[in-house]
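Below are the chains, spelled out letter by letter.
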Amino acid sequence: MRVMLDCSPRAFVETDVDAIAHNLRVAQQAAPGCQMIAVVKANAYGHGLEQVVRRLDAEHPAFFGVANVAEALRVQNAGCVTRPFLLGPSIPEEREVIAASDWGFTISSLEEADHYASLAAETHRVLPVHLALDTGMGREGFLPADLSATMEHLKHLPSLRVEGVMSHMPVADEDEVFSRVQIERFEHCVSEVALHAQLRYVHLAASAGLLNFSIPCANMVRPGLMLYGVSPVPSVWSDQLRPTLRLRAAVTLVRTLPANHGVSYGRCFLSTRPMRVATIGIGYADGWRRHLSCKQVFALIHGVLCPLLGRVTMDQIMADVSAVPEVRAGDFAELIGPLLRIEHLATQTGTIPWDILTGLGPRLPRFSRSFD
Ligand SMILES: *Cc1c(COP(=O)(O)O)cnc(C)c1O
């Protein structure tokens, strides 16, 4: 009996890391003079964190944006020169590790500030921090109304040094009026903080903010989605972004079903004629969303767009391959790629591209491959 040492996966993600690096350079051109936090949280938006940060490290962003300590450690262990930056507030259990690191991080409350200050004092360090401000997002940061009191409090914490100010935009992609007011509010806050602190980093914009607005007081941006080839808003830069991800899955079975035969749970699809049906080895357990059931969604097989049929099951989906007579078990179907756009899957399921990408599950191995 032959032992299989290396089993070939039924479904996998291919990432073009050079395309991500290209998209980072597009973000840089769209935000001239700004430093970059290249956002790589959530497994680099599903692309495979390690292979992405190893490639982007060569582009020398200021930081890699991550969501928690576990992701920061993965960046660090990947051997990058670029330091992680924790984008949101921390829980108390995380702070000892953060205070002992050289990572960038924010403070959003006096409780956080006091805790970091005492951890820093214990080790005789002065910790650089980014002051997070809530200028409209309602998720993190000090409220502008509390800023004076906050700065006063921070004066008594010599083991903390405010080197950055940051905030986040809730409607950069859909409400220009609110966003302009928010930018002004942010500018006021920045000038108040600048009276007390030597500011090295000032940042407000993620991808949509970066593409839609110029923010003169900022010298840093935090692009995420656009690095992965999806533009959150139409802009002059959108066409320059290159696709970065392919999702592929193996055909496991091909048969001809008679007319009026149900396909998948619920029998919500019935064949209208004798139909060649392929079973494909991917399902909602891989992040191919169950909400894609019975929608206008296609698989690309031998260059032909084949409609997917019926409900998505946990590990398998079905496609009409009547137009692809040569298809065999073991052939690969493409489900996301340059012709099968993430934006389309998002609209079909009533969600957003971020959700589709970050939902791609851990069962899918991530490989690096150039799409050119
Ligand atoms: C996720 C995140 C980003 C990146 O947002 P995109 O819309 O994907 O560009 C930027 N800043 C913060 C604080 C985030 O949490």
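Residues numbered from 1 in each chain as written. Predicted model: local features only at pLDDT ≥ 70, side-chain atom pairs only at ≥ 80, totals over all residues. Heavy atoms only, no water.

Along its sequence, the chain is organised into domain 1 (17–228) and domain 2 (245–368). Taking only C-alpha atoms into account, the centre of domain 1 sits 38 Å from that of domain 2. Counting from both sides, the interface comprises ten residues of domain 1 and, opposite them, eight residues of domain 2. With both chains or domains summed, domain 1 and domain 2 bury close to 860 Å², and 64% of this area falls on carbon and sulfur atoms. Summed over the three residues of domain 1 that lose the most area to domain 2, namely Tyr45, Gln51 and Leu225, the buried surface amounts to 50% of that side. (Domains from an automatic or database assignment. Contact = heavy atoms within 4.5 Å. Buried area = accessible area lost by both parts, 1.4 Å probe.)

Attention shifts here to the environment of Gly224. Its location among the elements puts Gly224 in the loop between β9 (220–221) and β10 (245–257). Note on Gly224: relative accessible area 3%, which makes it buried. C-alpha separation for the pair Gly224 and Ala27, spaced 197 residues apart in sequence, amounts to 9.7 Å. Look past the residues within four positions of Gly224 in its chain and what remains in contact with it is Val39, Tyr45 and Ser207. (Helix = DSSP H or I, 4+ residues; strand = E, 2+ residues; numbered from the N terminus. Buried < 20%, exposed > 50% of the residue type's maximum accessible area, 1.4 Å probe, protein only.)

Right, let's talk about the pattern of salt bridges for a bit. For the structure on display, the rule yields 18 salt bridges. The shortest N-O distance in the salt bridge between Glu14 and Arg369 comes to 2.8 Å. With Glu14 in strand β1 (residues 11–15) and Arg369 in the segment after β18 (366–368), this pair connects stretches of sequence that are 355 residues apart. Where Asp18 meets Arg55, a salt bridge forms, and the shortest distance between an N and an O atom there is 2.7 Å. Here Asp18 is found in helix α1 (residues 17–30), whereas its partner Arg55 is found in helix α3 (residues 49–56), with 37 residues between them in sequence. For Asp18, a relative accessible area of 37% translates into the label partly exposed. Each of Asp18, Arg25, Arg55 and Glu59 takes part in salt bridges that share partners, so that together they form one network. (Salt bridge = Lys/Arg side-chain N within 4 Å of Asp/Glu carboxyl O.)

In this section: the site of the ligand. The local shell around the ligand holds 13 residues, among which Lys41, Tyr45, Ser207, Arg222 and Leu225 are the closest. Contact between the ligand and Tyr45: an oxygen atom at 2.6 Å from a side-chain N or O atom of the residue. For the ligand, whose unbound accessible area comes to 390 Å², protein coverage reaches 91%. In terms of residue class, the shell around the ligand is made up of seven nonpolar, three polar and three charged. (Near = heavy atom within 4 Å. Polar contact = N/O pair within 3.5 Å; in protein donor to acceptor, adjacent residues only side chain to side chain. Areas by Shrake-Rupley, 256 points an atom, 1.4 Å probe, with all protein chains shown as cover. Nonpolar A, V, L, I, M, F, W, Y, C, P; charged D, E, K, R; others polar.)

Attention now moves to the packing of helix α7 (residues 147–155) against helix α8 (residues 176–194). Relative to each other, α7 and α8 sit at 25°, their axes nearing to 11 Å. Relative to α8, the element α7 is oriented roughly parallel. Viewed along their axes, α7 and α8 form a crossing whose handedness is right-handed. Contacts between α7 and α8 pair Leu147, Ser148 and Met151 from the former with Cys189, Glu192 and Val193 from the latter. In terms of residue class, the contact of α7 with α8 is built from four nonpolar, one polar and one charged. (Axes fitted to C-alpha atoms, helices over the stretch in contact; angles between N-to-C directions. Parallel < 35°, antiparallel > 145°, perpendicular 65-115°, else oblique. Left-handed = near helix turned anticlockwise from the far one by under 90°.)

What follows deals with the side chain of Ser159. Mapping Ser159 onto the fold places it in the loop between α7 and β7 (160–166). Look at Ser159 and you get buried, because its relative accessible area is 10%. Of note is the side chain of Ser159, whose polar atom sits 2.8 Å from the backbone oxygen of Ala117. When sequence neighbours within four positions are dropped, the list of residues in contact with Ser159 reads Ala117, Ala120, Ala121, Arg125, Val126 and Leu127.

One finds Val40, Leu131, Ile280, Ile282, Trp288 and Ile301 to be the most contacted residues of the largest nonpolar core, which totals 112 residues. Built from parts of two domains, this core gets at least three residues from each of domain 1 (17–228) and domain 2 (245–368). (Core = buried A, V, L, I, M, F, W, Y, C linked by side-chain atoms within 4.5 Å.)

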